[in-house]
Every structure is written in structure tokens, then in C-alpha cells.
Amino acid sequence: MTNPAPGRGRIGAGVAGRQGSAAPEPNFPRRGEAAFAAAAAATAGEGNAPAPFSMAPWELLQLYTYGLAIATALLLWAACACGARRRRTGEPPLINGWIPFIGKALAFRKDAFKFLISQQRKFGDVFTVHIAGRYITFIMDPFQYVYVIRNSKQLEFSEFADKMASRTFGYPSLSNFPNLNENLHRIYQYLQGKPLDIISDHMMKNLQHVFEWKCSQATDWKTEKMYKFCSFLMFEASFITLYGRDPAADGHNVISEIRDKFTKFDANFPYLAANIPIELLGVTKKVRKELIHHFLLRNMAKWMGGSEVIQARKDTLEKYELLQDYDKAAHHFAFLWASVANTIPATFWAMYYLLRHPEALAVVRDEIDHLLQSTGQKKGPGYSIHLTREHLDNLVYLESSLNESLRMCSSSMNIRISQEDYILKLGGNQEVNLRKGDWIALYPQILHMDPEVYEDPEVYKFDRYIENGKKKTTFYKGGRKLKYFLMPFGSGISMCPGRFFAMNEIKLFLILFLAHFDIELVEKKPIGLDNSRMGLGILLPDSDIACHYKIRSF
Ligand code: HEM
């Protein structure tokens, strides 16, 4: 079922009007022609009958130019719209929109969540939307996600990710370098198993160090903007853990400089991801270049105490002689972006929701205090805390509260590209025809906010992921058990390789903060989601909020 009516109807009228064979219509081009004719007659009629009004030749030329521009635009529009894709037998309902090329991009960009829900009501669980020159088929039924996720042969991800990342971070496509993609992926093993324990341990030490440096003076209430504060601490600790620090220079200053540039770059990231040329994005190009320069091998060589994962990436990239030094640095910068751009807002939301819900804060803090007590560890900024992976796993209330905030603030769109004209089987008797090059998308935010899956989805319930004192992993929709119910880290082949580390980092941040400090929101204003990153990961808050903290007295 296509949606051609508004677009095709209007275009038809415009063309008929211009051709002039139909009865005169008061449409825009004819009015322009009439005015032009009257003006021309008036000018030509100099010395004859008095003209109804007179026009200078430049005015006439201007009018003519406008008329011509509008007529050309209308013709182009008509041509594009006539060439618009039509739904073929077996294909999902097609939502074209009436603006050539743009299609439904504006509605999608304004509020993707609302837009998709409204289209689902009209067209069902599978439909194709024309968005900025692309045809994206959305699979809305979470029971059908599996048919997309497990089908990585016909529905491809790497090529799409490579194109987007190389454009965004400014390095040449991975496809130009034999096995580079596979070799870089192999390195993700350093974010799991034993290496994960090591890197999480380093993160804990570095976080404590940064907390001590930044917060140890807070014997009385100290006020900060909370997002800025989380960003400062998490960026600094993550950076040192992953990349190390220059012991000779003032490490804090260098990292602060990188963070400030990173924030500027990140502000325009959604535009870059939307394929807007970087040249049109003000200082972004210059800032990206400066950021990449920090990661040139000669600069990275000064940083001591970095992680195995970054060392392995350095070693791998060095083997590719055809990669320029700048390109290798751009790869390191891309990894930095991936490792902090979502973790920082996720940390903010985890903290924000706890502070907004004192009953949740009390339970989570009690759980942390209990663990520290049972492992014989003292609280207070002077004491260092050491926790194993098992300890972190056993903090079920902390994990549930974190999952709940991720459910509420994550908006990542999982994209695959159809490699050929292909029939996608969706279970039961359902199947849809896809065309080569079409995008297939899952939009888990819809699942996260589905009242059939999560009762009162707008409400933060810190213990939503707990059942009988244990982690809850069974969720239902319409009485059927869901395989996928929480997807902040993507799915299948494109699932985030840093997800275990990310969860540990945020838990460690909260443990340290809640163990050592009292913290409260100072402002009462509600904070909403800034939707400009819809589809790209964790949404940012629409404004910052003041909080104050001081060292806990025991
Ligand atoms: C709360 C924090 C995080 C969230 C929500 C998150 C989410 C995601 C998602 C949704 C993707 C897939 C993107 C896609 O489908 O195109 C992704 C990819 C990726 N993430 Fe994360 N991430 C987080 C933290 C991290 C951390 C801490 C690291 C590294 C230390 C990391 C490294 C990566 C990398 C390298 C990729 C690209 C994987 C590839 O090559 O295909 N992420 N992340």
C-alpha cells in the first residue's frame, strides 16, 4: 500500500497548468506568466495606450528570473516525483512522502519514535519509508527481530559501518586494506574474559585517582553541573585506562584539551552521521584534524600505562604500510569516540534517575555498603576499593537500576543492508520482498517503551530487572516470552564489543560515588531527552542540572 496521493496529485495539477491545455487555473506559474505578459505588454507599449502599470527592465528581468527558477523547481519536483519508487507485489507498504529525495526525513528527524509508532498504526509491523534518498524497511515486531539479526549473509552490516565510520572519522575505507576489518575485530577479545578483568581493575584505580584529585576537598557541599561533572570524571578515567597518560607533561591538562575538542566534535556528530559534508559544519573539520593529531604515533608513544586493547590496535595498524600515519591516528580517535560518546551520557542518566528517586538511591547504596562491609573494605576517599567481576555481577539492584536507565535513554537503530533482491522470511507465513541496497532497520526504543512489555514504560522503576531477589531475564509481550527485551548495545554482528566494559565502568563510577559521597540534585527541574541523536545510541539530556556533593561522614 503506497502513499502517493498528496505528492502525485499536486504534481499532476502543476504540470497540466504549465502545459496550458486545460482550462485556465489560478495556479502559481500561470499567475507568473500573466504578470510577466502584462509587464511585457506595458514595457512594449511605450507611447501607445497607457499601460496599467510600468516596470523598469531590471524589475522585469528579476521577475522573469524568479518565474524561471520556480518553473524549473516545479519541473524538477515533478520529474523526481514521477520517478519515485512504487511498491511492487510482495513488498512492504511504501511510505514515500511528497518531497522528492527528502521523503519522510523531516518527520523522522523531528521525532522518530512518534513517527514510527504512527506509521505502525497505519501500515502494520513491516513498512518501508523513504528517508533522504534511502528506502528503509522497519521491522517493528520484536518477535521478528531474530530473522534480521541471524541473517548476516544477505543482510550485511560491515560495509555500511565502514562507509559511515570512514566518512565520519576521516580515514580511508577498510576495504582498501586486506583483512584490516577482520584483524581489528579480532582485537575486541581484549574487552572480554581475563583482559576485561584487567582493564576493569585499571578503570577502578584510575577512577579513584581522578575522584581523589577532583573531589577530595569536598568536606562541605560543592556544587557542579551534573552532566559536565560526569563527563569530566568519566572521560579522564576512561582515557587514562585505555590510552595511558604522558608522565612528563601535565596529563590532566592534555586530556582536558582533548575532552573539550571531543565535546565540540561530538556536538556535530549527528550531522556527520546524516551525511552532511563536514565542510558545512563550521569548525568541526578543524577540530577533528586537531583531535586526530593527538593520536599520531609520536604523540601516543609518550602515553604510559595504556590498555592491551589499544596496544593491539597500534600493532595491527602499524602492519599496514599503505595506511598513512594520519589514517592510523584517525582509527585511534574513532575508538576513543566509540568508548566514551555513549558511556558519558549513560553514566549521567544512571546517576540522575537514582538521585530523582531517593527510595532507589537508598536501596542501591545499601547494597554497595553491604558488599564493602562483607568484603572488609573501608569507605571514604582515603581508602581504595577493590572489587572483582563476581562482586560487580552480584550487585543486582545496581545493575537493575542501570539497565532501567539504559532502557529509558537509549535509542540505537540497528541497520543492515540487503545485498540482493531478497525474500526476507519473518516467521509463520509472513515474508517480504526486499530490493538490493535497501536498508533494514530495527528500532529497539519502540520495544523499550512498549507498555505490553514494560508496564508504565515512562516510569523509572529501579527494580524492574529483579525477580525474587535475582536478575530478571524473562519478559513477555502478549503472553509470549521475548528473546530480545533490552538492546542498548545493538544486536548480532553489530553488537557493541565494549558492552561488558561499559557496564563495569558505569557501575564502578556509581559505587565510588555512592560509597564516598553524599550527593543531591540542587535543581528540581525535570530533564528530558535531546532527540537530535535519535538512532545513534544513548540520547543526551536536553539541559544540564546542578547537583551538590560532599564527602560522606561515617
Ligand atoms: C553505555 C555505553 C555504550 C553503548 C550504549 C554502546 C553502544 C554501541 C552500539 C549500539 C554499537 C553498534 C553500533 C551500530 O550498530 O552501528 C556500538 C559499537 C561499538 N562500540 Fe559501543 N557502546 C558503549 C560503550 C562502548 C565502550 C566502553 C567501548 C570500548 C571500550 C565501545 C566500543 C565500541 C566499538 C569499537 C564499536 C564498533 C564495533 C564494530 O567495529 O562493529 N562501546 N556500541
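These numbers were taken from a predicted model, which means no experiment stands behind them.

**Details of the overall build of the protein**
Next up, step 1: The helix and strand tally for the protein stands at 22 helices and 19 strands.
Next up, step 2: Looking at the protein residue by residue over its 554 residues, the buried ones come to 51%.
Next up, step 3: Contacts in the protein between residues at least 24 apart in sequence constitute 73% of all its contacts with a sequence separation of at least 6.
Next up, step 4: Only carbon and sulfur atoms are counted for the fraction: they give 56% of the accessible area of the protein, which is about 26,400 Å².

**Here we look at the site of the ligand**
Next up, step 1: His185, Tyr188, Ala338, Ser494 and Cys496 are the nearest of the 21 residues found near the ligand.
Next up, step 2: Here an oxygen atom of the ligand and a side-chain polar atom of Ser494 are 3.4 Å apart.
Next up, step 3: Counting residues per element, the ones that place at least two in the shell around the ligand are helix H16 (325-340), helix H17 (343-356) and helix H22 (499-516).
Next up, step 4: Here the shell around the ligand is built from residues that sort into 12 nonpolar, 8 polar and 1 charged.

**What about the UniProt feature "binding site: heme" (unreviewed entry) in the protein?**
Next up, step 1: The UniProt entry lists Cys496 under the feature "binding site: heme" (unreviewed entry), expressed in the numbering used here.
Next up, step 2: Following the sequence through the fold, Cys496 ends up in the loop between strand E14 (480-481) and H22.
Next up, step 3: A residue is classified by how much of its surface remains accessible, and Cys496, at 27% relative accessible area, is partly exposed.

**Points about the packing of aromatic side chains**
Next up, step 1: All told, the structure shown has 45 aromatic pairs when counted by the stated rule.
Next up, step 2: Residues Trp349 and Tyr352 carry aromatic rings whose centres are separated by 5.7 Å and whose planes lie at 85° to one another, so their mutual orientation is edge-to-face. Taken together, the residues Trp349 and Tyr352, both in helix H17 and 3 residues apart, mark about one turn of the helix.
Next up, step 3: Through successive ring pairs, a cluster of aromatic residues spans Phe169, Phe235, Phe239, Tyr243, Phe262, Phe265, Phe269, Phe295, Trp303, Phe333 and Trp337.
Next up, step 4: The residue whose ring lies beneath Arg85 is Tyr135, and the NZ or CZ to ring-centre distance is 4.3 Å.
Next up, step 5: For Lys550, the ring lying beneath its charged end belongs to Trp221, and the centroid distance is 5.0 Å.

**Re the sheet that holds strand E19 (residues 546-551)**
Next up, step 1: Strand order in the open sheet made by the 3 strands is E5-E19-E15, with antiparallel pairing throughout. The sheet is open, and its two edges are formed by strand E5 (222-225) and strand E15 (517-521), each paired on a single side. Sheet twist, expressed as the mean angle between neighbouring strand axes with direction ignored, is 30°.
Next up, step 2: Where E15 meets E19, 5 bridges bridge the pair, whose relative direction is antiparallel. Bridge pairing in E19 places Phe517 opposite Ile551.

**Describing the pattern of salt bridges**
Next up, step 1: Evaluation of the coordinates by the stated rule reveals 26 salt bridges.
Next up, step 2: A salt bridge links Glu224 to Lys214; the nearest nitrogen and oxygen atoms lie 3.8 Å apart. Of the two residues, Glu224 is situated in strand E5 and Lys214 in helix H9 (residues 193-215); the sequence distance between them amounts to 10 residues.
Next up, step 3: What makes Lys214 partly exposed here is its relative accessible area of 23%.
Next up, step 4: With its nearest N and O atoms 2.8 Å apart, the salt bridge here joins Arg407 to Glu404. Separated by 3 residues within a single helix, Arg407 and Glu404 lie in helix H20 (residues 396-409), roughly one turn from each other.

**Concerning H17**
Next up, step 1: Between its terminal C-alpha atoms H17 stretches 20 Å, which fits the 20 Å expected from 14 residues at 1.5 Å a residue.
Next up, step 2: Across the 14 residues that make up H17, a large majority, 13, are buried.

**Focus on the nonpolar core**
The tendency in soluble globular proteins is for nonpolar side chains to be buried side by side.
Next up, step 1: By size, the foremost hydrophobic cluster in this structure holds 136 residues, and its most contacted members are Phe138, Met226, Tyr243, Leu336, Phe509 and Phe513.
Next up, step 2: Of all the elements, helix H10 (residues 226-243) adds the most residues to this core, at 13 residues.
Next up, step 3: Counting residues in each nonpolar core, the second largest holds 24 residues, with Leu424, Leu426, Leu442 and Phe475 among its members.

The rules we used
- Residues numbered from 1 in each chain as written.
- Predicted model: local features only at pLDDT ≥ 70, side-chain atom pairs only at ≥ 80, totals over all residues.
- Heavy atoms only, no water.
- Helix = DSSP H or I, 4+ residues; strand = E, 2+ residues; numbered from the N terminus.
- Buried < 20%, exposed > 50% of the residue type's maximum accessible area, 1.4 Å probe, protein only.
- Contact = heavy atoms within 4.5 Å.
- Areas by Shrake-Rupley, 256 points an atom, 1.4 Å probe, with all protein chains shown as cover.
- Near = heavy atom within 4 Å.
- Polar contact = N/O pair within 3.5 Å; in protein donor to acceptor, adjacent residues only side chain to side chain.
- Nonpolar A, V, L, I, M, F, W, Y, C, P; charged D, E, K, R; others polar.
- UniProt positions renumbered as here; feature names shortened; annotations may be inferred.
- Phe/Tyr/Trp six-rings, centres within 6.5 Å; stacked < 30°, edge-to-face > 60°.
- Lys NZ or Arg CZ within 6 Å of the ring centre and 35° of its normal.
- Pairing = 2+ DSSP bridges.
- Axes fitted to C-alpha atoms, helices over the stretch in contact; angles between N-to-C directions.
- Salt bridge = Lys/Arg side-chain N within 4 Å of Asp/Glu carboxyl O.
- Expected span 1.5 Å × (residues − 1).
- Core = buried A, V, L, I, M, F, W, Y, C linked by side-chain atoms within 4.5 Å.

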